[in-house]
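Chain residues, written in single-letter form:
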Amino acid sequence: MRIGILGAGNMADALGTQWAVAGHEVMVSGRDPGRSAERAAGMTAQAVARTSATAAPATEAGASAEARSRAVAEVLSGSVAKVRSGSFAEVAGFGDVVVVAVREAGLADTLRAAGPALRGKPLIDVTNAAAPDRYDPTRPLARLIADITGGHVVKGFNLCHVDVWRLTPPVFDGRPLAVPLCGDDQAAMDVARTLVADLGCTPVNGGSLARATQLEATAAFMIGLWFGGADAQAVLPPLPSSGEHQPA
Ligand SMILES: NC(=O)c1ccc[n+]([C@@H]2O[C@H](COP(=O)([O-])OP(=O)(O)OC[C@H]3O[C@@H](n4cnc5c(N)ncnc54)[C@H](OP(=O)(O)O)[C@@H]3O)[C@@H](O)[C@H]2O)c1
């Protein structure tokens, strides 16, 4: 799959590198072409190092420099495609799916710069409010993205810190991380589920795009708990203690 990422920051780096390792073609974009190109080169290097560590024994310590560079070249020509960078509009045109991973302050400008190619595409919205303690549920970011672009937005990946998305895989106490996804378009939801599974995580149906507001509010609330030093994971009981209900 071709994955365009609006953003060349930490989330683009963490998620895009994982997806490159999973065999997808990735293109990132920030405001500065030079910085974006540097980010893309760093992601390619990380993806090659991770792939070569498992696939090419010649990259192990002790192998000659020549053997190591041959192994890296083999990896580059094989399962890991070079991560590219481009303008916001180029990223929008490149992606079969486009991930929105920019700061709230630049969200509207970035989407406008990305242009009409986003219309009708699956868009994965990983954004959170810049100031979680002042999150405004009357202005959900996912709705803003849908309204500006006309794309099929799926909200997800916003509940966890970027370092979680760098884990290979994100598994805690033997359980793969569950990732709730909210969206209206089933084809876009299928794409998002694939991208979650590619990280070694479990997709969870979070309902329609209207529920993305609750997902954003949940992130804001949990971030407040974590910043206050609380163990946010401990606030919820396990499923058998969640009360009597019919599974959806
Ligand atoms: N970091 C986390 O732990 C985390 C976790 C979950 C969700 N998120 C959300 O994911 C999104 C990206 O986070 P991140 O950690 O990748 O942020 P980051 O490292 O600061 O990168 C932000 C990206 O947004 C771009 N951008 C465009 N317009 C901007 C503006 N006016 N001001 C600032 N940046 C602008 C930046 O462009 P340049 O490259 O040109 O600087 C950069 O590529 C945010 O909405 C954040 O809330 C973050």
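Residues numbered from 1 in each chain as written. Predicted model: local features only at pLDDT ≥ 70, side-chain atom pairs only at ≥ 80, totals over all residues. Heavy atoms only, no water.

The protein is annotated in an unreviewed UniProt entry as Pyrroline-5-carboxylate reductase catalytic N-terminal domain-containing protein of Nonomuraea fuscirosea.

*Asks:* Can you help me understand the site of the ligand in this one?
*Replies:* Close contacts around the ligand come from 23 residues, with Ala8, Arg31, Val102, Arg103 and Val162 the closest. Interatomic distance of 2.9 Å between a side-chain N/O atom of arginine 35 and an oxygen atom of the ligand. Within the backbone of asparagine 128, a nitrogen or oxygen atom sits 3.3 Å from an oxygen atom of the ligand. Computed on the free molecule, the ligand has an accessible area of 890 Å², of which 81% lies beneath the protein chains in the complex. (Near = heavy atom within 4 Å. Polar contact = N/O pair within 3.5 Å; in protein donor to acceptor, adjacent residues only side chain to side chain. Areas by Shrake-Rupley, 256 points an atom, 1.4 Å probe, with all protein chains shown as cover.)

*Asks:* I would appreciate a short explanation of the packing of aromatic side chains in the present structure.
*Replies:* Centre-to-centre distance and the angle between the planes together describe a pair of aromatic rings. Tallying each qualifying case throughout the model produces two aromatic pairs. Measuring from centroid to centroid gives 5.7 Å for tryptophan 19 and phenylalanine 157, while their planes differ by 85°, and the two rings are edge-to-face. Here the residue tryptophan 19 occupies a position in helix α1 (residues 10–21), and phenylalanine 157 occupies one in the loop between β6 (152–155) and α7 (162–165), the gap between them amounting to 138 residues. Between phenylalanine 157 and tryptophan 165, the ring centres sit 5.3 Å apart and the planes meet at 70°, which makes this aromatic pair edge-to-face. In this structure an aromatic cluster arises from ring pairing among Trp19, Phe157 and Trp165. (Phe/Tyr/Trp six-rings, centres within 6.5 Å; stacked < 30°, edge-to-face > 60°. Helix = DSSP H or I, 4+ residues; strand = E, 2+ residues; numbered from the N terminus.)

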